[in-house]
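A closer look at the structure
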Amino acid sequence: MGSAFPAELQPQSKPRTRAAWDVYAVVSVGGTLGSLLRYGASLAWPGPLSTLLVNVIGCVAIGVLMHVITELVVAHRLVRPFLGVGVLGGFTTFSTYVVDALHLVLDHQPALALAYLVGTVLSCLLAVLVGVLAARSVARLFGRGDR
């Protein structure tokens, strides 16, 4: 019995390729740098507010970065893994955000924990949008516009 899908839509098996060790390396180095930045922020401003601030700043930066490297410039293939996955992935800390919320629950503040959980996600989504819109506005200001 044949497939209901035309041959063009059939999944094609792809040959295995060698691991891209340069990608792993730049993600590792970027992640180390981002984690060190986050650690510094946690020392400067300990507590859940620091985690929220780091995540929001990181999400604005992700929005800016993604707009710039997808719409404005032709970036080297290692830029996104280094900056996006590595540096900003290491800088933002959604695991710590969950631990912060757990501590609020254990401190008998479940309503605050829920507000923190929901508020962080909404703030970070909005921050990505703000980053994209800000990058787009600056690009238009300097006559770059979208590709």
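Residues numbered from 1 in each chain as written. Predicted model: local features only at pLDDT ≥ 70, side-chain atom pairs only at ≥ 80, totals over all residues. Heavy atoms only, no water.

The name an unreviewed UniProt entry assigns to the chain is Fluoride-specific ion channel FluC, from the organism Saccharopolyspora elongata. Word for word, the UniProt comment on the chain under Subcellular location (unreviewed entry) is "Cell membrane". (UniProt positions renumbered as here; feature names shortened; annotations may be inferred.)

For the chain, the count of helices and strands is 5 helices and 0 strands. Along its sequence from the N terminus, the chain presents helices and strands in the succession α-α-α-α-α. Classification of the 147 residues of the chain by burial places 27% in the buried group. Sequence separation of at least 24 residues holds for 76% of the intrachain contacts in the chain that already meet a minimum separation of 6. For the chain, the exposed surface amounts to about 10000 Å²; the carbon and sulfur share of it is 71%. (Helix = DSSP H or I, 4+ residues; strand = E, 2+ residues; numbered from the N terminus. Buried < 20%, exposed > 50% of the residue type's maximum accessible area, 1.4 Å probe, protein only. Contact = heavy atoms within 4.5 Å. Areas by Shrake-Rupley, 256 points an atom, 1.4 Å probe, with all protein chains shown as cover.)

Right, let's get into the environment of T92. Counting through the fold element by element, T92 comes out in the loop between α3 (79–91) and α4 (94–106). Not counting chain neighbours up to four residues away, the residues in contact with T92 comprise R38, V54, N55, G58 and C59. Of the polar contacts made by the side chain of T92, one reaches the backbone oxygen of L88; its length is 2.9 Å. (Polar contact = N/O pair within 3.5 Å; in protein donor to acceptor, adjacent residues only side chain to side chain.)

Sites flagged by UniProt as "transmembrane region" (unreviewed entry) map to residues 21–40, 52–74, 81–99 and 111–135. The annotated region residues 21–40 carries 100% helix and 0% strand content, and the separation between its end C-alpha atoms amounts to 29 Å.

Right, let's talk about the UniProt feature "binding site: Na(+)" (unreviewed entry) in the chain for a bit. The feature "binding site: Na(+)" (unreviewed entry), as annotated in UniProt, sits at G89 and T92 in this numbering. Residue G89 is classed as partly exposed on the basis of its relative accessible area, which comes to 38%. Among the residues examined, T92 registers a relative accessible area of 10% and is labelled buried.

A separate point is a nonpolar patch on the surface. On the surface, a nonpolar cluster with roughly 470 Å² of combined accessible area is contributed by L114, V118, V121, L122 and L125. Within the fold, L114 resides in helix α5 (residues 110–141). A relative accessible area of 53% means that L114 is categorised as exposed. (Patch = residues over 30% accessible without salt bridge, like charges linked within 9 Å, V, L, I, M, F, W, Y side chains within 5 Å. Salt bridge = Lys/Arg side-chain N within 4 Å of Asp/Glu carboxyl O.)

Turning our attention to helix α2 (residues 48–72). Under the 1.5 Å per step criterion, the end-to-end length of α2 is 35 Å for 25 residues, consistent within 8% with the ideal 36 Å. S50, T51, V54, N55, G58, C59, G63, L65, H67, I69 and L72 are the residues of α2 that are buried. Turning to α2, the residues buried within the fold contact α1 (21–44), α3, α4 and α5. (Expected span 1.5 Å × (residues − 1).)

This paragraph deals with the pattern of salt bridges. Proximity of charged atoms lets side chains of opposite charge pair with each other. Per the stated rule, a full pass over the model turns up 1 salt bridge. A salt bridge links D22 to R77; the shortest N-O distance between them is 2.1 Å. Highlighted residues: D22 in helix α1 and R77 in the loop between α2 and α3, separated in sequence by 55 residues. Judged by its relative accessible area of 52%, R77 is exposed.

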